[in-house]
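Understanding the architecture of this molecule
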Amino acid sequence: MTLRLPAPGGGLRTYEPRTDPLALAPAGPPASRTVFSAAHVVADPYADTTPDGPAAVDWDATLAFRRHLWSHGLGVAEAMDTAQRGMGLDWAGAAELIRRSAAEARAVGGRIACGAGTDQLARGTLPEVRAAYEEQLAVVEESGARAVLMASRALAEAATGPEDYLDVYGHLLRQASEPVILHWLGPMFDPALDGYWGSADLDAATETFLDVVAAHPDKVDGVKVSLLDARREVELRRRLPDGVRCYTGDDFHYPELIEGDAQGFSHALLGIFDPLGPLAARAVRTLDTGDTKAFRALLDPTVDLSRHLFRPPTRYYKTGVVLLAWLAGHQDHFTMVGGLQSARSLPHLARAYELADGLGLFPDPALAESRMRSLLTVHGVPR
């Protein structure tokens, strides 16, 4: 098996795929860390849709992928950024996804947390933003899942300063029936969230964020931080009230953040754990034994793949995630809601394949090679 892949600077080069995949059997959840994988959705490739129309989801394949993650002991973070919220999946589709996935989680005993935001509202006043959050929070709570209060584009536009964030989040936390996860998604993931928490100064924004948590520690299970800044995350987690977890969303520095230091560690809620799920779960179970060296030996080599998938424009990382799911055999096609399969170049996709193959992530290397070859052919690469 050899492939001709795009070479740096143009042209083609020969690549010989790996033939010995990692043997990663299903197992129970890690004990020392709470680990969620944000999960992608599988599009219906036969639906007659448009990029700006409602998403057509293949529900059977979407739920099967969640069962795959649960079987390896991971929790599922549902209807989050990885599921293309605001980038192909609208609120109606997200609500259906939440209900279906929560029911599936109950059936198999899987851990699940679901995103509640305001994406049914393009823009609005602060009362309208609050009402939109309330509607989505109700759907998540009625499904029986833990809620993740997602960052809101509408709130970022309507808020005039930190006090508006304190007011909106304070109201939501007071009425939440169970502790929630607060989500801080940086502008590298969504440019519309620049200046979130009332300031483009991250130090000032951090103070507002911590003020929200400090005012309602009994209603905050944890915070999910996606700023791709390990130093800032460590400083923030050291200031959290006792009992409030820090879930890393840093897809660049997750091994060191999950390992932690003498003063604490991060749990995980990561989009990169969609393609890395079985390997990531094994690594964290290894960490349960106290063997930090073996943990890092398993997880450190995956960082190059993660940094590649999440390279700017970071918000298009979902394209690489879905490519790898297709190559690994978790779905039968490389089609995405909103037509987002076109968001990355062939050289980018080919490098993602090469890095994932080098890690042994494909259960059937021959299938992955065959599918990658078909993608190359569509792009005009001669055999």
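Here goes a summary of the coordinates provided. (Residues numbered from 1 in each chain as written. Predicted model: local features only at pLDDT ≥ 70, side-chain atom pairs only at ≥ 80, totals over all residues. Heavy atoms only, no water.)

Section: the pattern of salt bridges
Counted according to the given criterion, the structure contains 21 salt bridges. The residue arginine 18 makes a salt bridge to aspartate 20 at a minimum N-O spacing of 2.9 Å. The class of arginine 18 is partly exposed, set by a relative accessible area of 24%. Classification of aspartate 20 as partly exposed rests on a relative accessible area of 45%. Here aspartate 229 makes a salt bridge to arginine 232, at a shortest N to O gap of 3.8 Å. Under the relative-accessibility criterion, arginine 232 is labelled buried at 11%. It is possible to trace a salt-bridge network through shared partners that takes in Arg13, Arg351 and Glu354. (Salt bridge = Lys/Arg side-chain N within 4 Å of Asp/Glu carboxyl O. Buried < 20%, exposed > 50% of the residue type's maximum accessible area, 1.4 Å probe, protein only.)

Observations concerning the side chain of serine 266
The topology assignment puts serine 266 in the loop between α8 (254-259) and β10 (267-270). Looking at serine 266, the relative accessible area reads 0%, which means it is buried. Looking at serine 266, its side chain comes within polar contact range of the side chain of arginine 237, at 2.9 Å. What serine 266 contacts, discounting residues up to four positions off in sequence, is Arg33, Glu233, Arg237, Cys246, Thr248, Leu257 and Ile258. (Helix = DSSP H or I, 4+ residues; strand = E, 2+ residues; numbered from the N terminus. Polar contact = N/O pair within 3.5 Å; in protein donor to acceptor, adjacent residues only side chain to side chain. Contact = heavy atoms within 4.5 Å.)

Examining the packing of helix α12 (residues 317-327) against helix α13 (residues 346-358)
Relative to each other, α12 and α13 sit at 55°, their axes nearing to 10 Å. By the angle class used here, α12 and α13 are oblique. When the axes of α12 and α13 are compared, the crossing they make is right-handed. Counted together, Thr319, Leu323, Leu324 and Leu327 of α12 and Leu349, Ala352, Tyr353 and Ala356 of α13 form the full contact between these two elements. Here the contact of α12 with α13 is built from residues that sort into seven nonpolar, one polar and no charged. (Axes fitted to C-alpha atoms, helices over the stretch in contact; angles between N-to-C directions. Parallel < 35°, antiparallel > 145°, perpendicular 65-115°, else oblique. Left-handed = near helix turned anticlockwise from the far one by under 90°. Nonpolar A, V, L, I, M, F, W, Y, C, P; charged D, E, K, R; others polar.)

So, the packing of helix α5 (residues 162-175) against helix α6 (residues 202-215)
Axes are the key here: two packed helices are described by the angle between their axes and the distance separating the axes. The contact between α5 and α6 brings their axes to 10 Å, and the two run at 25°. With respect to their mutual orientation, α5 and α6 come out roughly parallel. Here the hand of the crossing between α5 and α6 comes out right-handed. Packed against α5, whose contacting residues are Pro162, Tyr165, Leu166, Tyr169 and Leu173, the element α6 presents Thr208, Asp211 and Val212 at the interface.

Here we look at the packing of aromatic side chains
Scanning all chains against the criterion turns up 16 aromatic pairs. Where tryptophan 326 meets phenylalanine 334, the ring centres are 5.9 Å apart and the plane angle is 10°; that geometry is what we call stacked. Here tryptophan 326 matches phenylalanine 334 in class, with each residue buried. Here the aromatic residues Tyr133, Tyr165, Tyr169, Trp184, Tyr196, Trp197 and Phe209 are joined through ring pairs into a cluster of three or more. Positioned over the ring face of phenylalanine 265 is arginine 33, at 3.5 Å from the centre of the ring. (Phe/Tyr/Trp six-rings, centres within 6.5 Å; stacked < 30°, edge-to-face > 60°. Lys NZ or Arg CZ within 6 Å of the ring centre and 35° of its normal.)

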